Amino acid sequence: MDKGNQSVVSEFVLLGLGHSWNIQTLLFMTFLIIYLMILFGNIAVMVLIILDPHLHSPMYFLLANLSFVDMWLSSVTSPKMITDFLRENKTISFGGCMCQILFVHFIGAREMVLLVVMAYNRYVAICKPLHYSTMMSLHRCTGLVVTAWTAGFVHGMSQLVVIVKLPFCGPWQIDSFFCDIPLVTKLACMDSYNLDILINVDCGLVAVTCFVLLLISYTYILLTVRLSSKTGASKALSTCTAHITVVVIFFVPCIFIYVWPLNITWLDKFLAVFYAVFAPLLNPAIYTLRNKEMRNAVKRFRSYYMDFKGNT
């Protein structure tokens, strides 16, 4: 790339998901509704877990943390995407772009580690039930959650440090709805091949390691479930199925975007939307609809609300 075109970049242009005004209006309404559902769903899960004493256990403590992370993961990109549907000039400042890169990787890596912690919790509950209260005490759970936050922060900063000092050349156009690091590196005034490999290795270290640990955990769980009683096995299998569904929904797009990129523009956009929007939407629905305790908690909350309304 010609070094002569290098200059200080103040903003990037996001090409978004579509160019037709009618399509963008439809997308605005669709994603606004989805984003509000994400906020409502994840906040509802957190409120239920906090208010219902029956849900004060390690599993639901971790689930509340997952809902918190999902809410913020979507909030990093969705509000900007939604408002851009109504704008002709879809620009983002250099600082805003770097913040998106930092927080997408910070929160994304944090969620990956948290999903591993949740799998470990299921493993202990099913494979080592007599030691569960000791191995998954509140102190241990808090420590594991802090570890997830720390791992996410380190990964996010490692991505930011790599890209923030790069020289960029125009045109500063990003063919996506947010600042995705593989697309931003293409704008650098240098051969980005080695840089792309470094980023893929960094992302792969987190994503593949977490994915392998999850596979190992659920393999042990499913093998143990086969030897259990029919009732216990059915309940454990139902819980594990929900967890595995969440893992697949979250990890598959991440792996194909950051670890083994396909470099197909429309597919990358679809995977990015699925990762940043639909995964945070589906997680509370999957855990609520497939979890008997969560359904009972919803019934108790509804009954309490109706009784309270009837007494006023």
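What counts and what doesn't
Within any chain, residue numbers begin from 1 and follow the written order of that chain's sequence. Note on the predicted model: pLDDT of at least 70 is required for a residue's local features to be given, and 80 or more for side-chain atom pairs to be given and counted; whole-chain, interface and lining totals, by contrast, use all residues. To obtain the side-chain values, all non-hydrogen atoms of the structure were used and water was disregarded. Counting from the N terminus, the helices are DSSP H or I runs at least four residues long and the strands are E runs at least two residues long. Only C-alpha atoms enter the radius of gyration, while the globule expectation follows 2.2 Å times N to the 0.38, with N the number of residues. Exposure classes here rest on a 1.4 Å probe applied to the protein chains alone. A residue is buried below 20% of its type maximum, exposed above 50%, and partly exposed in between. Every accessible area reported is derived by Shrake-Rupley at a probe size of 1.4 Å, with residue values counting cover from the shown protein chains alone. For the charge count, each Lys or Arg is scored as positive and each Asp or Glu as negative, with His and the chain ends excluded. By convention, charge coordinates are those of NZ in Lys, CZ in Arg, CG in Asp, or CD in Glu. We call a set of buried Ala, Val, Leu, Ile, Met, Phe, Trp, Tyr and Cys residues a nonpolar core when their side-chain atoms join them within 4.5 Å. We call two residues in contact whenever any of their non-hydrogen atoms come within 4.5 Å of each other. Any two strands with at least two DSSP bridges between them are considered paired. The working definition used for a salt bridge is a side-chain nitrogen of Lys or Arg within 4 Å of a carboxyl oxygen of Asp or Glu. Only C-alpha atoms enter the line fits that serve as axes; for helices the fit covers just the stretch in contact. Angles between N-to-C directions range over 0 to 180 degrees. Scored from 0 to 100, pLDDT reflects the predictor's confidence in each residue. When two cysteine sulfur atoms lie within 2.5 Å, the pair is treated as a disulfide. Residues form patches when they are more than 30% accessible in relative terms and have no salt bridge. Like charges link within 9 Å. Nonpolar side chains (Val, Leu, Ile, Met, Phe, Trp, Tyr) link within 5 Å.

K.L.:
So what about the overall build of the protein chain? Which residues, and what values?
P.N.:
Along its length, the protein chain carries 10 helices and 3 strands. Whereas a compact globule of 312 residues would reach a radius of gyration of roughly 20 Å, the protein chain reaches 22 Å, a difference of no more than 12%. In the protein chain, buried positions account for 47% of the 312 residues. Looking at the protein chain as shown, the accessible area adds up to about 15,900 Å², and 69% of this sits on carbon and sulfur atoms. If the 21 positive side-chain charges of the protein chain are averaged to one point and the 15 negative ones to another, these points end up 16 Å apart.

K.L.:
Let's hear about the nonpolar core: which residues, and what values?
P.N.:
With 100 residues, the main nonpolar core has Phe-31, Leu-63, Cys-97, Ile-174 and Phe-250 as its most contacted residues. Excluding residues that lie within four positions of it along the chain, Ile-174 makes contacts with Phe-12, Val-13, Leu-14, Leu-15, Cys-97, Cys-179, Leu-183, Val-184 and Leu-187.

K.L.:
Just give me the short version of the pairing of strand S1 (residues 11-14), but keep the residues and values in it.
P.N.:
The side chains of a regular strand alternate between both faces of the sheet. Every second residue of S1 is oriented toward a common face, the buried set being Phe-12 and Leu-14 and the non-buried set Glu-11 and Val-13. Relative to strand S2 (residues 91-93), S1 is paired through 3 bridges, and the arrangement is antiparallel. Bridge pairing in S2 links Phe-12 to Ile-92. Across 2 bridges, the pairing between S1 and strand S3 (residues 173-174) is parallel. If you follow Leu-14 over to S3, its bridge partner there is Ile-174.

K.L.:
I'd like a rundown of the pattern of salt bridges, residues and numbers included.
P.N.:
In the structure shown here, the tally under the stated rule is 4 salt bridges. The salt bridge involving Asp-52 is made with Arg-300; its shortest N-O contact spans 2.9 Å. Placement of the pair is Asp-52 in the loop between helix H1 (21-51) and helix H2 (58-84) and Arg-300 in helix H10 (residues 292-311), with a sequence separation of 248 residues. Given the relative accessible area of 29%, Arg-300 is considered partly exposed. When the shortest N-O distance is used, the salt bridge between Arg-87 and Asp-84 registers 3.5 Å.

K.L.:
Give a description of the sheet that holds S2 that names residues and reports values.
P.N.:
Across the sheet, 3 strands lie side by side as S2-S1-S3; this open sheet has mixed pairing. The open sheet has two edge strands, S2 and S3, and neither has a second partner. Against the sheet, helix H3 (residues 94-127) contacts S1, S2 and S3, and its axis sits at roughly 85° relative to S2.

K.L.:
Which residues make up the confidence of the model for the protein chain, and what values go with them?
P.N.:
In the predicted model, the protein chain carries a mean pLDDT of 85, and 91% of its residues have values of at least 70. Considering each helix and strand of the protein chain separately, the mean pLDDT is smallest for H10, with a value of 74, and largest for helix H5 (residues 138-163), with 93.

K.L.:
Just give me the short version of the state of the cysteines, but keep the residues and values in it.
P.N.:
Within this structure, the stated rule accounts for 1 disulfide. Between the sulfur of Cys-97 and that of Cys-179 lies a disulfide, 2.1 Å long from S to S. With the S-S dihedral at roughly -120°, the linkage between Cys-97 and Cys-179 falls on the left-handed side. Residue Cys-97 is found in helix H3, and its partner Cys-179 is found in the loop between S3 and helix H6 (181-185); the two are separated by 82 residues along the sequence. When its relative accessible area of 0% is taken as the criterion, Cys-97 is described as buried. Relative accessible area serves as the criterion here: at 1%, Cys-179 is assigned to the buried category. For the unlinked cysteine Cys-203, the closest cysteine sulfur is that of Cys-254, found at 8.9 Å.

K.L.:
Tell me about the environment of Trp-172, residues and numbers included.
P.N.:
Among the structural elements, Trp-172 can be located in the loop between H5 and S3. Among the residues examined, Trp-172 registers a relative accessible area of 23% and is labelled partly exposed. Each C-alpha atom, one on Trp-172 and one on Lys-186, is 9.7 Å from the other, the two residues being 14 residues apart in sequence.

K.L.:
Go over a positive patch on the surface, please, and point to the residues and values.
P.N.:
On the surface, a cluster of positive charge is made up of Lys-292, Arg-295, Lys-299 and Arg-302. The residue Lys-292 is located in helix H10 in this model. Residue class for Lys-292 comes out exposed when judged on its relative accessible area of 58%.

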